[in-house]
Amino acid sequence: MTTQTAQTDAQVRADDRAHVFHSWSAQAKIDPLPVAGGEGSSFWDYEGNTYLDFSSQLVNLNLGHQHPDLVAAVQQQAGRLATIQPSMANDVRGELARLIAEVAPDGFEKVFFTNGGAEANEYAVRMARQFTGRRKVLSMYRSYHGSTATAISLTGDPRRWANDIGDNGTVRFFGPYLYRSAFHSTTIEEESQRALEHLEQTILLEGPGTIAAIIIETVVGTNGVLVPPPGYLDGVRGLCDRHGIVYIADEVMVGFGRIGEWFAIDAFDAKPDLITFAKGVNSGYVPLGGVVISDRIAKHFDDAPFPGGLTYSGHPLACAPGVATFEVFRRDGILERVRDLGSRVVEPALRAMAEKHPSVGEVRGRGLFWAIELVRDRETREPLVPFNAAGADAAPMGAFAAAAKEGGVWPFLHFNRTHIAPPLVISEEDLVRGLGVIDEALDVADGYT
Ligand code: PLP
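None of the values given here were measured: they were computed from a predicted structure.

### Some details on the nonpolar core
Logical step 1: Counting residues in each nonpolar core, the largest one holds 128 residues, and the members touching the most others are A128, A213, I214, V236, V246, I248 and L274.
Logical step 2: Ranked by residues supplied to this core, first place goes to helix α10 (residues 316–331) with 9 residues.
Logical step 3: For this core, the two domains that each supply at least three residues are domain 1 (33–66 + 333–447) and domain 2 (69–332).
Logical step 4: Among all residues touching I214, those that are not within four sequence positions of it are L138, V236, C240, I245, Y247 and I248.

### Remarks on the domain arrangement of the protein
Logical step 1: The domains assigned to the protein are domain 1 (33–66 + 333–447) and domain 2 (69–332).
Logical step 2: Taking only C-alpha atoms into account, the centre of domain 1 sits 25 Å from that of domain 2.
Logical step 3: Of all the secondary-structure elements, those providing two or more residues to the side of domain 1 that touches domain 2 are α2 (56–59), α11 (334–356), β11 (360–366), β12 (369–377) and β16 (417–420).

### What about the site of the ligand?
Logical step 1: Neighbouring the ligand are 16 residues; G116, G117, A118, G146 and V252 lie closest to it.
Logical step 2: Looking at which element gives the most residues to the shell around the ligand, the answer is helix α5 (residues 117–132), with 3 residues.
Logical step 3: Looking at the shell around the ligand residue by residue, the classes come out as 6 nonpolar, 8 polar and 2 charged.

### Considerations on the packing of α11 against helix α13 (residues 428–446)
Between two packed helices, the angle of one axis relative to the other and the distance separating the axes together describe the packing.
Logical step 1: Running from N to C, α11 and α13 cross one another at 15°; their axes reach a closest spacing of 10 Å. What the angle tells us is that α11 and α13 run roughly parallel. Crossing of α11 over α13 shows right-handed handedness. Facing L341, V345, V346, A349 and M353 of α11, the residues of α13 in contact are E428, L431, V432, L435, D439 and L442.

### Side note on the environment of D332
Logical step 1: Tracing the chain through its elements places D332 in the loop between α10 and α11.
Logical step 2: Here the alpha-carbon distance between D332 and V425, two residues 93 residues apart in the chain, equals 9.1 Å.

### Quick look at the sheet that holds strand β6 (residues 170–173)
Adjacent strands of a sheet pair through backbone hydrogen bonds, lying either parallel or antiparallel.
Logical step 1: Sheet architecture is open: 7 strands sit in the order β4-β10-β9-β8-β7-β5-β6, paired in mixed fashion. The sheet is open, and its two edges are formed by β4 (108–114) and β6, each paired on a single side. Averaged over all adjacent pairs, the angle separating strand axes in this sheet is 25°, with direction ignored.
Logical step 2: Across 4 bridges, strand β9 (residues 274–277) lies against strand β10 (residues 289–294) in antiparallel orientation. Bridge assignment links I275 to a residue of β10, and that residue is V292.
Logical step 3: Where helix α9 (residues 295–303) meets the sheet, it contacts β4, β9 and β10, and its direction lies at approximately 90° from that of β10.

### Structural notes on the pairing of β4
Logical step 1: Of all 7 residues in β4, 5 are buried; the element is thus mostly enclosed.
Logical step 2: Strand direction decides the pairing type here: β4 and β10, joined by 6 bridges, are antiparallel. In the strand pairing of β10, T114 is matched with G289.

### Some words on the packing of helix α7 (residues 188–206) against helix α8 (residues 232–243)
Logical step 1: The geometry of α7 relative to α8 is characterised by a closest axis approach of 10 Å and an angle of 20° between their N-to-C directions. Accordingly, the angle class assigned to the pair α7 and α8 is roughly parallel. At the point where α7 passes α8, the crossing takes the right-handed sense. Contact residues: S192, A195, L196, L199, E200 and I203 in α7; Y232, G235, V236, L239 and H243 in α8.

### Side note on the confidence of the model for the protein
Logical step 1: Per-residue pLDDT for the protein averages 96, and the proportion of residues at 70 or more is 99%.
Logical step 2: Model confidence for the complex is summarised by a pTM of 0.97, with the ipTM given as 0.99.

Here is what the cut-offs are and how they apply
Residues numbered from 1 in each chain as written. Predicted model: local features only at pLDDT ≥ 70, side-chain atom pairs only at ≥ 80, totals over all residues. Core = buried A, V, L, I, M, F, W, Y, C linked by C-beta atoms within 7 Å. Buried ≥ 20, exposed ≤ 12 C-beta atoms within 10 Å, placed from the backbone. Helix = DSSP H or I, 4+ residues; strand = E, 2+ residues; numbered from the N terminus. Domains from an automatic or database assignment. Contact = placed C-beta atoms within 7 Å. Near = placed C-beta within 6 Å. Nonpolar A, V, L, I, M, F, W, Y, C, P; charged D, E, K, R; others polar. Axes fitted to C-alpha atoms, helices over the stretch in contact; angles between N-to-C directions. Parallel < 35°, antiparallel > 145°, perpendicular 65-115°, else oblique. Left-handed = near helix turned anticlockwise from the far one by under 90°. Pairing = 2+ DSSP bridges. pLDDT = per-residue confidence, 0-100.

Structure below.
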């Protein structure tokens, strides 16, 4: 038997169609783009079309496609020691754990490595349950925490619906979201306060002594780039202290630079007990995720054995590009450029779009992580497509996306929103060009208002 690398659009499509079972899709209804290659913030298909990647793949490609330092790190590590099991000590694994601990908040020294974000959340919850001896976990309705058994039950958005059997110990609450406030707030201060009161009521009515953890995306990602209002996360910390609950910050999407911080929590006044990460830690060159563990929780497992593990925990091929990521971030001032490009280029451009286009209800975000929320009617805030729209119902977003792709930008879409999440290494020129394409594509969305 010979294996052959497929090299034409037709071959790639044929093998994909026949043999690849895709995530989150009705298999007969999808037509995935065959990708021939990529570099920096762009990738291209076999027909010569190049796209500026405004979604960083799944918001993981922080250092862009084929970054020479990351590619070299994987290659060199493969030549040196391709794999080693997790209960042995390994140089690159230890170095990455030390680098992560150095940029984590004070009092976080240990890292448990996983193969991705969902597993990181699974293990964080397991640690919290072992630590507290309690079972329940509180999570937000507007959230995504991954697709494995516990992670999908923590997830608030409709991806949970078909998977959740409803008796897994998860209780959901509303987080702050002023534009569509669950609390009828009119100011950001009111929203923060009322969301905290609602969370406290939820804790009290559920029974504080039954709750192991509260898990919150520091900036809610796929569900809308919801930046927490002042005081909110600090208030969550206070509630956790008062009731002996572990605070898990899910930073799978926002950790490692997306908003211009190593950990997004650094931008807010709060300190969690466990921080989960994945994606940006090595831009997904080899799957990697993990949990950064506060000393208080780590200490619990000094004598009590931690009941869990993974064959590939801290895989050297994944850790090597993680170490290289730290080098690149520091050498190239990635965090600083994210903050600069976000406030100087993206924010003013999006605010101008919001002024100009009747289909734009709200723009919000930070760093290189923004959402444009599209509406049919700015007065009523009726979303451009219904919540969880599919098929014909989602046509206006499909038309917007087609226009963006026609202009050479690959957009991120979720229900009635498009997110602006390019690689953190995008050139200013490409960023401005891509924003121009989004601006033009919004003319199409305007046609549906
Ligand atoms: N948590 C958040 C906030 C995410 O955005 C994601 C993925 O998008 C996950 C967890 C799950 O990560 P993974 O797909 O690596 O399992």
